[in-house]
Amino acid sequence: MRAVHRPAAATTAPSAAPYAREHDDEPQPGLPEPLPASERVLWQGSPDWKRLARRAFHLRKLTVYFAALLALRVAFVLTEGGSLGEAAKSLAMLVPLAALALGLLALIAWLSARSTVYTVTTRRVVMRIGIVLTLSFNLPYKRIAAANLRLDADGTGDIPLELAADERIAWVHLWPHCRPGRYARPQPMLRSVAGAAEVARLLSDAWVAATGGAVAAPASSTDAAAAGRTPGARLGAHGPLLAPR
């Protein structure tokens, strides 16, 4: 497993697709090197930027936070005897600053999703991530100990990958493409991908073919709901286990 740094190629003139030029040197989009003849791509995709903004950058929570602060500011002015006009004036600077902060956060989420390509092949998972500093992580199936699936109602979901015990990637290199709350042993994650169940199926089939392991069907939604948990499939060296998140 290795990370490959790919500096962005310089552009000399404006273009209708400037982002595409940054990765023109890739032999295939999202891949730092040509695949061997015996290996083929099963799926490629990128995060949904709106869900990435909500889940990784907590845009919705911050919006509520700023709204609460602004409401408190208005309440403070009114309780001090001020008029509605004075309350509005007190917000004249705060509202644009809050809007700017949220807008910049949304822009970063959009750029993060746009610069990311997840690739599932017959032998590995490749993650090309990074807005300014582009990194590509090659994760062979034999170095992936397990994988979990978290699904949303619309089929979008996350697929975190548990690495072998002797493998580790720094959290700072992965974020936001890593499982939340796992800092000591960060888990790379295909985050906010559409059709996550189908991607997980392709990944599990390829994992089985490459490692010789066996994967059972994940728990049904009915069983998971009865247990009060999200259904998920875990692929492991000792067979599959239910892995609610």
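Scoring rules and cut-offs
Residues numbered from 1 in each chain as written. Predicted model: local features only at pLDDT ≥ 70, side-chain atom pairs only at ≥ 80, totals over all residues. Heavy atoms only, no water. Helix = DSSP H or I, 4+ residues; strand = E, 2+ residues; numbered from the N terminus. Buried < 20%, exposed > 50% of the residue type's maximum accessible area, 1.4 Å probe, protein only. Contact = heavy atoms within 4.5 Å. Areas by Shrake-Rupley, 256 points an atom, 1.4 Å probe, with all protein chains shown as cover. Phe/Tyr/Trp six-rings, centres within 6.5 Å; stacked < 30°, edge-to-face > 60°. Pairing = 2+ DSSP bridges. Axes fitted to C-alpha atoms, helices over the stretch in contact; angles between N-to-C directions. Parallel < 35°, antiparallel > 145°, perpendicular 65-115°, else oblique. Nonpolar A, V, L, I, M, F, W, Y, C, P; charged D, E, K, R; others polar. Salt bridge = Lys/Arg side-chain N within 4 Å of Asp/Glu carboxyl O.

What follows covers the overall build of the protein. Each helix and strand in the protein was counted, giving eight helices and 11 strands. By residue count, 39% of the 245 residues in the protein fall in the buried class. In the protein, of all internal contacts separated by at least 6 residues, the share reaching a separation of at least 24 is 61%. Summing over all exposed atoms, the protein offers an accessible surface of approximately 13200 Å²; the carbon and sulfur share of this is 61%.

Aromatic ring pairs are defined here through the distance separating the ring centres and the angle between the ring planes. Following the criterion strictly, the structure yields four aromatic pairs and no others. Ring geometry for Phe-57 versus Trp-175: centroids 5.1 Å apart, planes at 70°, classification edge-to-face. Taken together, the residues Phe-57 in the loop between α2 (49-55) and α3 (59-79) and Trp-175 in the loop between α6 (171-174) and β9 (189-193) connect sequence positions 118 residues apart. The class for Phe-57 is buried, based on a relative accessible area of 8%. Ring pairs connect the aromatic residues Phe-57, Trp-171, Trp-175 and Tyr-183, which therefore count as one cluster.

Summarising burial for strand β5 (residues 135-140): five of the six residues are buried, a large majority. In this structure, strand β4 (residues 124-129) lies alongside β5, joined through six bridges in antiparallel fashion. What sits directly across from Ile-129, in β5, is Leu-135. Where β4 folds back onto β5 in an antiparallel hairpin, the turn is made up of five residues, including Gly-130, whose phi is positive at roughly 110°.

Interhelical geometry of α3 versus helix α5 (residues 94-114) gives an angle of 175° and a closest axis separation of 11 Å. With respect to α5, the element α3 is oriented roughly antiparallel. For the pair formed by α3 and α5, the contact residues are Leu-59, Leu-62, Thr-63, Phe-66, Leu-70 and Arg-73 on the first element and Leu-94, Val-95, Ala-98, Ala-101, Leu-102, Leu-105 and Ala-106 on the second. Tallied by class, the residues present in the contact of α3 with α5 amount to 11 nonpolar, one polar and one charged.

What follows deals with the environment of Thr-63. Within the secondary structure layout, Thr-63 lies in helix α3. Judged by relative accessible area, which is 37%, Thr-63 ranks as partly exposed. Spatially, the C-alpha atom of Thr-63 lies 8.4 Å from that of Ala-98, the residues being 35 residues apart in sequence.

Across all of its chains, the model carries nine salt bridges by this definition. A salt bridge links Arg-51 to Asp-154; its shortest N-O distance comes to 2.5 Å. Pair noted here: Arg-51 is in helix α2 and Asp-154 is in the loop between β7 (150-151) and β8 (157-163), with a separation of 103 residues, a long-range link. Given the relative accessible area of 16%, Arg-51 is considered buried. Taking the shortest distance from any N to any O, the salt bridge between Glu-167 and Arg-143 comes out at 3.0 Å. On the criterion of sequence distance, the pair formed by Glu-167 in the loop between β8 and α6 and Arg-143 in the loop between β5 and β6 (144-147) is long-range, its members being 24 residues apart.

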